[in-house]
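# A closer look at the structure
Single-letter residue listing:
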Amino acid sequence: MKDTIKVGVIGCGNISDAYLKAAPQFPVLSIVACADINMDAASAKAETYGIQSLTVDDMLADPEIELILNLTTPQHHVPVGLKILEAGKHAYSEKPLAISVDEATQLTALAKRKNLRVGCAPDTFLGGAHQTARDAVDAGTIGAALAGSCYMMCPGHEAWHPNPDFYYQSGGGPLMDMGPYYITALINMIGSIEAVTGVAKASYAKREIASGPRQAEVFNVDVETHISAILSFTCGAQVTLTTSFDVHKHDHNHIELYGSKGSMIVSDPNHFEGDIQVSKGKGDWETLPQSHLYGDGNYRVIGLADMAQAILDGRPHRASLELSLHVLEAMESILKSAETGRRISLKHQCSRPAALSDQLPFGHL
């Protein structure tokens, strides 16, 4: 019985290292090749990780590669994803799923027609910290979820990224870039979103690159860079969310949940680890013992590994098309709400992804 899936990687930029470094921890993944429009980048990455470098066309034509990890920039997620599906291979991409819901539905239709799977980051909700938080919510530790708050605010990625332009183009901005982590973490804990309202603005028309070979180069900002929203969940909870590239410093927690019996502080959803704190009523904060594995490092490939294992097991994968489409629609609707001043109900719903098993290694998912 087969126990591995052969995987190819398209896109050899900064994020690919996180995936390629973590992959050996998951034997179900056999990453055999990488490709990029820049063959020098592909060759360098292949040499570093001991895999083959291929052209994109050669990778798509390789009959042994069943699953392709799409690490291109957001504007290329769907065009490349469609090529992957047309080639008869399962597709898993970095977030967001697409730059619009209309674009994403092309993936949905083709995947259904070809009977292929689509998965999408983020997978940090599978980390030990966030599975511990979910376990506590499911156990009724804070009672019924009533409300919450989320903050992702920083000065902007041009402070560290050598080529930050795409973060400020269509499909970028703090909501589309970082919102998936927060919204996915919330859905993992309390379920799907019914409707959203939002406000948004761009505080600066231009940005300056602060590091790397393009340091001091100025580029244009084409998207909103400070967005606030209210997420109305189907369970009845109302959660505020603010994402910003315009804030130098703040003192908010990443996520707080407020329940009928107490409150919870949830660690950074961009990471797999972190402390989960709860208070019972007005009591002191208590740190919960971590109940699940994968909370002691960067496992930014676990969603892909779960998808590969799900293909072998014939079960749904957790970082699913339905989940990522729901998250994408929530973000797109927040921005539409900011434009129109209207509350927007979501059309594409999803179920909570299945929880991970308590303290069991990956092969027992």
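Residues numbered from 1 in each chain as written. Predicted model: local features only at pLDDT ≥ 70, side-chain atom pairs only at ≥ 80, totals over all residues. Heavy atoms only, no water.

## Section: the overall build of the protein
In plain terms, the rule: Secondary structure elements follow DSSP: runs of H or I no shorter than four residues count as helices, runs of E no shorter than two count as strands, and numbering proceeds from the N terminus. The globule rule is 2.2 Å times the number of residues to the power 0.38, and the radius of gyration it is compared with is taken over C-alpha atoms. The buried label applies to any residue whose accessible area, calculated with a 1.4 Å probe on protein chains only, is under 20% of its type's maximum; exposed applies above 50%, and partly exposed to all values in between. Contacts are residue-level and defined by heavy atoms, with any inter-residue pair within 4.5 Å sufficient. Using a 1.4 Å probe, accessible areas were evaluated by the Shrake-Rupley method; residue-level cover was limited to the displayed protein chains. Under the counting rule used here, the positive set is Lys and Arg, the negative set is Asp and Glu, and His together with the chain ends is not counted. Charge placement uses NZ in Lys and CZ in Arg. For Asp and Glu, CG and CD serve respectively.
The secondary structure content of the protein amounts to 9 helices and 17 strands. The C-alpha atoms of the protein give a radius of gyration of 20 Å, which matches the 21 Å a tight globule of 365 residues would have. In terms of overall dimensions, the protein has C-alpha extents of about 60 × 50 × 35 Å along its principal axes. Evaluated residue by residue, the protein yields a buried proportion of 56% over its 365 residues. Nonlocal contacts in the protein, meaning residues at least 24 apart in sequence, comprise 73% of its contacts between residues at least 6 apart. A total accessible area of about 15,400 Å² is found for the protein, and carbon and sulfur atoms account for 50% of it. A gap of 5 Å separates the mean positions of the 28 positive and 41 negative side-chain charges of the protein.

## Comments concerning the pattern of salt bridges
Pairing between side chains of opposite charge can happen when the charged atoms of each approach one another. Filter applied, for reference: What makes a salt bridge here is a side-chain nitrogen of Lys or Arg within 4 Å of a carboxyl oxygen of Asp or Glu, nothing more.
Inspection of every chain in the model, using the stated rule, returns 16 salt bridges. Of the charged contacts in the structure, one is a salt bridge between Lys-2 and Glu-66, with a shortest N-O distance of 2.7 Å. Highlighted residues: Lys-2 in the segment before strand 1 (5–10) and Glu-66 in the loop between helix 3 (56–61) and strand 4 (67–70), separated in sequence by 64 residues. Relative accessible area serves as the criterion here: at 44%, Lys-2 is assigned to the partly exposed category. Notably, a salt bridge pairs Asp-165 with Arg-214, separated by 2.7 Å at the nearest N-O pair.

## A look at the pairing of strand 13 (residues 255–259)
Condition: Two strands form a pair only when DSSP identifies at least two bridges running between them.
Among the 5 residues in strand 13, 4 count as buried, and that is most of the element. Sheet topology note: the strand 7 (residues 145–153)/strand 13 ladder contains 5 bridges and is antiparallel. Bridge assignment links Cys-150 to a residue of strand 13, and that residue is Ile-255. Sheet topology places strand 13 next to strand 14 (residues 262–266); 4 bridges connect them, and they run antiparallel.

## What about the nonpolar core?
Heads up, the rule is: Definition used in this section: a nonpolar core is a set of buried Ala, Val, Leu, Ile, Met, Phe, Trp, Tyr and Cys residues joined via side-chain atoms within 4.5 Å.
Ranked by size, the top nonpolar core spans 111 residues in total, and within it Leu-29, Leu-231 and Met-264 carry the most contacts. Looking at which element gives the most residues to this core, the answer is helix 7 (residues 173–190), with 11 residues. Residues in contact with Leu-29, not counting those within four places in the same chain, are Ile-5, Val-7, Ala-23, Val-301, Leu-304, Ala-305 and Ala-308.

## Comments concerning helix 9 (residues 321–340)
Rule in force here: Helix span is expected to be 1.5 Å times the residue number reduced by one.
In a regular helix each residue adds 1.5 Å, so 20 residues correspond to 28 Å; helix 9 covers 28 Å between its end C-alpha atoms and thus fits that length. Along helix 9, 14 of the 20 residues are buried, which leaves the element largely enclosed by surrounding structure. Looking one or two residues past helix 9, Gly-341 carries a phi angle of roughly 75°, positive in sign.

## What to know about the packing of helix 5 (residues 101–114) against helix 9
Two quantities define a packed helix pair, namely the angle between the helix axes and the distance between the axes. For clarity, the threshold we go by: What counts as an axis is a line fitted to C-alpha atoms, over the stretch in contact for a helix, and the angles between N-to-C directions run from 0 to 180 degrees. An angle counts as roughly parallel when it lies under 35 degrees, as roughly antiparallel when it exceeds 145, as roughly perpendicular when it falls between 65 and 115, and as oblique in every other case. Crossings are assigned a handedness: left-handed for a near helix turned anticlockwise from the far helix by less than a right angle, right-handed for a clockwise turn.
Packing of helix 5 against helix 9 leaves a shortest axis separation of 10 Å and a crossing angle of 170°. If you check the angle between helix 5 and helix 9, you find them roughly antiparallel. For the crossing formed where helix 5 meets helix 9, the hand is left-handed. Across from Val-101, Ala-104 and Thr-108 in helix 5, the residues of helix 9 making contact are Leu-321, Leu-325, Leu-328, Glu-329 and Glu-332.

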